[in-house]
Number of protein chains: 2
Amino acid sequence: MLSFTEENYLKAIYHLSKEGSEPVLTNDLAKSVRTKAASATDMVKKLAAKKLISYRKYYGANLTTKGKTEALMVIRKHRLWETFLVQALGFMWDEVHEVAEQLEHIHSKRLIEKLDEFLNYPKTDPHGDPIPDRNGKIQQTAAISCDQLEKGKSAIITAVKDSSGSLLKLLDKIGAHPGKKIKIIACEPYDKSVEALLDGQRVFISHEVSKNILVKE
Amino acid sequence: MLSFTEENYLKAIYHLSKEGSEPVLTNDLAKSVRTKAASATDMVKKLAAKKLISYRKYYGANLTTKGKTEALMVIRKHRLWETFLVQALGFMWDEVHEVAEQLEHIHSKRLIEKLDEFLNYPKTDPHGDPIPDRNGKIQQTAAISCDQLEKGKSAIITAVKDSSGSLLKLLDKIGAHPGKKIKIIACEPYDKSVEALLDGQRVFISHEVSKNILVKE
DNA sequence: ATAATAATTTAGATTACCCTAAACTAATGT
DNA sequence: ACATTAGTTTAGGGTAATCTAAATTATTAT
Ligand SMILES: [Mn+2]
Ligand SMILES: [Mn+2]
Ligand SMILES: [Mn+2]
Ligand SMILES: [Mn+2]
């Protein structure tokens, strides 16, 4: 059975290696799990010894099939719990991430299956992120971020990149949730901010924010 | 913030000191948390340094007000989660204890309040044990165990002492759940087993089992 | 009062995870 | 080729929780 810490490292490696192609660098990994590079090196050696990643000194780490499955199971739990907290317990979408960071480490196959059933097998979490199924299959959405959307084009918001409370609260204010229709009216060259229509409502979005909104045309 | 382990020790001390009167002995505590006496001594010193217990060498440990509140909060979480698992997720009452042992250590005031609300503020858990409220108030039931019930007397089952899966499965079979009416028909002097009526059904209960059934006249 | 026994504490290690500081490697610029 | 630099690893320790074995204390029996 994997420890709390091992699970967090695997999850971080998964998120940092865009779809498993590029190797994950030690410094990036350390930053992601909020430790120092020396600690990340130690853990990466340990995970390699357990055949959860392949690792080459000074080069980086890649998940093995086994490691990827483990990572996806942690992500599955995280996103199912977030969905539960919003849908069943009435949490706001900006309040769930921290609690889910704890709940994702509960070890019980039965619990997560029952939870999935209780929620009626949701496809995405409150932030629009896809939930891996029991076999670790995850549907990859070929989404682009809002700042790359052309002027005049319409799209549907699918997900939000950043799970920080401050961004989510801001998006709440302007009404930018997954599922909503967005259309770019104008783009300021000076600061790359955009003027858009969100379900008919005119809104102004900074570049910092629009980068974190994922849309599908 | 208390660690996983500290919380488990506090909970064990609470359960071992019948309502806080008697001091808890090191060996008993060690057995309860499944470690060795030496480890229990270390932890007991640590908890005393944090003013969660009072401790006298070779004599034993007692919860302080602060420690008792912490213990009751862990017990509150444990029992609310058990209730959730049975009522919302459809677990059997013999499957919930192990998972609740993990869930009870999730740190989030908001989560537990929301869970309590979702469950409509239950008074007892699936095993009939009282659930402390948000302030740590717990209603003490003056129950006696079934083996002390006199012949011919009727009573209501209020709770089950032991949370082991094998006992709970057995009680399921004979239909002995909290809320049910039980009446002792006969008691065998040889093995102290009893013949009883459980909602009209005639059942035979061994002494080992009847000791673990709590009833209220 | 003394000896035997049971319970408890202390001493000294171990493991997992994390840290700082020093050493090393790979890449880059001159 | 050589020096600089950024990134990474190694060396050496620290803390929390655990363990075994030895020492200590309290209790009971003679
Ligand atoms: Mn999240
Ligand atoms: Mn999410
Ligand atoms: Mn329980
Ligand atoms: Mn219970």
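This text follows the structure it describes.
Residues numbered from 1 in each chain as written. Chains lettered and ligands numbered in written order. Predicted model: local features only at pLDDT ≥ 70, side-chain atom pairs only at ≥ 80, totals over all residues. Heavy atoms only, no water.

Before going further, it helps to spend a moment on the sheet that holds strand 6 (residues 194–198) of chain A. All names here are of chain A. Spatial strand order, 3-8-4-5-6-7: 6 strands in an open sheet with antiparallel pairing. Lying at the two open borders of the sheet, with one neighbouring strand each, are strand 3 (144–145) and strand 7 (201–205). In the sheet, strand 3 pairs with strand 8 (residues 213–216) via 2 bridges, with the strands oriented antiparallel. Bridging across to strand 8, Ser 145 finds its partner in Leu 214. (Pairing = 2+ DSSP bridges. Helix = DSSP H or I, 4+ residues; strand = E, 2+ residues; numbered from the N terminus.)

Moving on to the sheet that holds strand 4 (residues 154–160) of chain B. All names here are of chain B. Pairing in this open sheet of 6 strands is antiparallel, and the strands run 3-8-4-5-6-7 from one edge to the other. Two strands in the sheet have a free side with no partner beyond their single neighbour: strand 3 (144–145) and strand 7 (201–205). The sheet contact formed by strand 5 (residues 181–187) and strand 6 (residues 194–198) spans 5 bridges and is antiparallel. Bridge pairing links Cys 187 to Val 194 in strand 6.

Turning our eyes to something else, we now look at the packing of aromatic side chains. This structure, assessed with the given rule, holds 7 aromatic pairs over all chains. Ring geometry for Trp81(A) and Phe84(A): centres 5.6 Å apart, planes at 85°, overall edge-to-face. You can see Trp81(A) and its partner Phe84(A) sitting in helix 4 (residues 65–87), 3 residues apart, about one turn around the helix. An aromatic cluster is built from Trp81(A), Phe84(A), Phe118(A), Trp81(B), Phe84(B) and Phe118(B), whose rings are joined through pairwise contacts. (Phe/Tyr/Trp six-rings, centres within 6.5 Å; stacked < 30°, edge-to-face > 60°.)

Residues in close proximity to DNA strand D total 21 residues, the closest being Thr26(A), Lys45(A), Tyr55(A), Ser3(B) and Lys46(B). Backbone atoms, meaning sugar and phosphate, make up 81% of the atoms of DNA strand D lying within 4 Å of the protein. Between a sugar or linking oxygen of DNA strand D and a side-chain N or O atom of Tyr58(B), the distance comes to 3.4 Å. Of all the secondary-structure elements, those providing two or more residues to the surface near DNA strand D are helix 2 (26–32) and helix 3 (37–49) of chain A together with helix 1 (4–16) and helix 3 (37–49) of chain B. At 5 residues, the largest contribution of residues to the surface near DNA strand D is made by helix 3 of chain B. Grouping the constituent residues of the surface near DNA strand D by class yields 9 nonpolar, 7 polar and 5 charged. (Near = heavy atom within 4 Å. Polar contact = N/O pair within 3.5 Å; in protein donor to acceptor, adjacent residues only side chain to side chain. Nonpolar A, V, L, I, M, F, W, Y, C, P; charged D, E, K, R; others polar.)

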